[in-house]
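# Coordinate inspection notes
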Amino acid sequence: MPTDTTPTDAEAACFEAGIKFGSLYHQFAGTPVSPDSAATLESAIEESIENQPHCTAVTVDVLTDELEAELADATADYTELTGRFLEVEIVIDYEGCEVVTRMEMEDGYPLMRLESVRDEQSH
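Residues numbered from 1 in each chain as written. Predicted model: local features only at pLDDT ≥ 70, side-chain atom pairs only at ≥ 80, totals over all residues. Heavy atoms only, no water.

## Re the nonpolar core
Counting 24 residues, the largest nonpolar core has Leu 24, Ile 45, Val 60, Leu 81, Leu 86, Val 88 and Ile 90 as the members making the most contacts within it. Top contributing element to this core by residue count: helix α1 (residues 9–28), with five residues. Ignoring sequence-local partners within four residues, the contact set of Ile 90 consists of Lys 20, Phe 21, Leu 24, Ile 49, Cys 55, Ala 57, Val 58, Val 99, Val 100 and Thr 101. (Core = buried A, V, L, I, M, F, W, Y, C linked by side-chain atoms within 4.5 Å. Buried < 20%, exposed > 50% of the residue type's maximum accessible area, 1.4 Å probe, protein only. Helix = DSSP H or I, 4+ residues; strand = E, 2+ residues; numbered from the N terminus. Contact = heavy atoms within 4.5 Å.)

Below, the structure is given as structure tokens:
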């Protein structure tokens, strides 16, 4: 039977990143967005998620080319925000451990993944 251990700082940092992505995606999915409002929405998402503990940087790109393609034949001039219109990078710093995560479309799915883990204490 395995012994319980305290999570490492790297594990805690990865957990924090997951919390931020869950919050970001589920808070903003469904938000009305258009090419004209994309930049404002990017800033709002970034500032909102950066308020959370251990979050040092958030970069959100609303893919306006994808939005314009979606709206080309639509009767409305906006659509709902989904993962297919977003590319996101979140950087977490937990007790000197920096975690970089990304979300972008992969095979038709908005995949969230861990890009890198750097533990300042081990250098």
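Read on for the rest.
## Observations concerning the sheet that holds strand β6 (residues 109–119)
What the four strands build is an open sheet, ordered β2-β4-β5-β6; its pairing is antiparallel. Each edge of the sheet is formed by a strand with only one pairing partner; in this case those strands are β2 (55–62) and β6. This sheet shows a mean twist of 10° between the axes of neighbouring strands, independent of strand direction. Alignment of β2 against strand β4 (residues 86–94), held across seven bridges, turns out to be antiparallel. The partner of Val 62 across the bridge, within β4, is Leu 86. Across the sheet, α1 lies against β2, β4, β5 (97–106) and β6, angled at about 145° from β4, the strand it touches most. The sheet contacts of helix α2 (residues 38–50) involve β2 and β4, and relative to β2 the element is tilted by about 160°. (Pairing = 2+ DSSP bridges. Axes fitted to C-alpha atoms, helices over the stretch in contact; angles between N-to-C directions.)

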